[in-house]
Amino acid sequence: MKINGLLPMLIMTTATVGMSSVVYAQGEGSGLSYGIDAELRYDDNIYRAETGEKDSFILEASPFVKATFLNQGNSYQLGYRLNYADYFSASADSYDDHEFSVNIDHRFTTRQAINASLSHKLLTEQRGTGFSEEPNTLVRGPDDFDQTRYALTYFIGAAEARARVELNASRDVLDFDSSYVGDTRDYKADQLGVLLRYRVGARTDLLAEYRNLAVRYDNTPFNESGLPINLDSDEDYYLGGIAWELSAKTRGEIRLGRSDRKYDDGNFSSANTHWEVELEWRPLSYSEFVLNTGRESLETYGSGRFINVKKHSLAWNHAWRGRVSSKVQIGLTEDAYEDSSRRDDQFFWLAALFYEPRNWLNLSAGMSYSENDSNFTPVNYERNVVYIKASVEL
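Keep in mind that what you see is a predicted model, and the values were worked out from it rather than measured. (Residues numbered from 1 in each chain as written. Predicted model: local features only at pLDDT ≥ 70, side-chain atom pairs only at ≥ 80, totals over all residues. Heavy atoms only, no water.)

**So, the layout of surface pockets**
For clarity, the threshold we go by: Cavities and pockets were defined on a 1 Å grid built from protein atoms only: a cavity is a group of points that admits a 1.4 Å probe but offers it no way out, a pocket is an open group of points flanked by protein on both sides within 12 Å along at least five of seven lines, and a lining residue is one with an atom within 4 Å of any such point. Grid points are joined across faces, edges and corners, and a volume is the space filled by probe spheres set on the points. Helix numbers and strand numbers start at the N terminus; a helix is a DSSP run of H or I with at least 4 residues, a strand a run of E with at least 2. Note on residue classes: Ala, Val, Leu, Ile, Met, Phe, Trp, Tyr, Cys and Pro are nonpolar, Asp, Glu, Lys and Arg are charged, and everything else, Gly too, is polar.
Estimates place the volume of the second largest pocket at around 430 Å³. Around the second largest pocket, the lining comprises 19 residues; the ones closest to its centre are Glu-39, Arg-41, Ser-368, Arg-383 and Val-385. Looking at the lining of the second largest pocket, the elements with two or more residues in it are strand E2 (30-43), strand E18 (361-374) and strand E19 (381-393). Residues belonging to the lining of the second largest pocket are distributed by class as follows: 7 nonpolar, 6 polar and 6 charged.

So, in structure tokens, the structure goes:
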């Protein structure tokens, strides 16, 4: 999406935010807050291409506003964010995204509460990602799409109760404005689930969870050979696990089980070991290591039935003296395009330095490297990004 003359307006917005420190409060904890994230980065391969790489400086500005109302421990929030990116050497790839959000945390009694959220996003799929990840002469610019999400979680059980239950429901709706694949990838994904937490120690819970994910496409998609294919599916998850916070130094959550995915046409099914793991270790109060590993299912971009994703990452967060902190992270993602021979291995690392001279101002700089190693060679690439960033919130 593009709006002419938007960048001068954002520069004026930045100046206004920088001069004003007024917060329109409605009460303690309630009020209106606003700010802007501004970033200048250099990307040496903006299209994630194997050969003929295109580089560019990119200026990104993201002003936002949030209205929060707190009442007797309940929270209600409205938000809006604009994300504008200007590509200096590829003006056709400049875009603006818009995000609208509503979030409600409401407790009916000490034993019953809900979290409800609604978001509507006008987003951009950049060239070199998604359906344009391989060279395509029909793709002359980024692709716009709308993403709407409804989510509700109903909590049953007091915080100190031995057993607590969470009932979950969500719907994700994707609507593309593509000019080269039409509306064949518009779909709705509905998820229903129940999670049981059972306390077995002061800070330890056993977990049991069931989820069902139903994906329905609005129209018939096409596979990599250009033939119609029915991708409507249901996926069931059966998980057990444990969550703990034994001390200020260690915290973790592990969920392990299986997933079964079946397609409406009856021509394909997939059963997989499924896991979701997050482990945190703080050897010092100002230093933290975070390990994440897990599996998820993603809708395909054209190859195979779906993408069977395995993700692994390790991060080190460290607070130095004088409001200075840093982050270093490495990660590996393995993508298997089920019912296809395509396999991708994506590796990345990043390093960032943060400085907070004021409570309302955060400055940062960093660099990252990413690569894709695939047996489908047109999507192989290497990419380096360097950036500086300023974030203001008042």
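**Brief notes about the nonpolar core**
To keep things clear, this is the line we draw: To form a nonpolar core, buried Ala, Val, Leu, Ile, Met, Phe, Trp, Tyr and Cys residues must be joined to one another through side-chain atoms within 4.5 Å. Buried residues are those whose accessible area, probed at 1.4 Å on protein chains only, stays under 20% of the maximum for their type, while exposed residues exceed 50% and partly exposed ones sit between those limits. Pairs of residues are marked as contacts when any of their non-hydrogen atoms sit within 4.5 Å.
Counting residues in each nonpolar core, the largest one holds 16 residues, and the members touching the most others are Tyr-187, Ala-189, Leu-213, Val-215, Tyr-217, Leu-231 and Tyr-263. Going through the elements one at a time, strand E8 (163-176), strand E9 (187-201), strand E10 (204-217) and strand E11 (233-244) are the ones with two or more residues in this core. Considering every element that reaches this core, the biggest residue donor is E10, with 3 residues. Filtering out sequence-adjacent residues up to four positions away, Tyr-217 remains in contact with Thr-184, Arg-185, Asp-186, Tyr-187, Leu-231, Asp-232 and Glu-299.

**Focus: the pattern of salt bridges**
What counts, and what does not: Take a side-chain nitrogen of Lys or Arg and a carboxyl oxygen of Asp or Glu: if they are within 4 Å of each other, that pair is a salt bridge.
Within this structure, the stated rule accounts for 31 salt bridges. Taking the shortest distance from any N to any O, the salt bridge between Glu-125 and Arg-185 comes out at 3.1 Å. Taken together, the residues Glu-125 in strand E6 (residues 112-125) and Arg-185 in the loop between E8 and E9 connect sequence positions 60 residues apart. When its relative accessible area of 4% is taken as the criterion, Arg-185 is described as buried.

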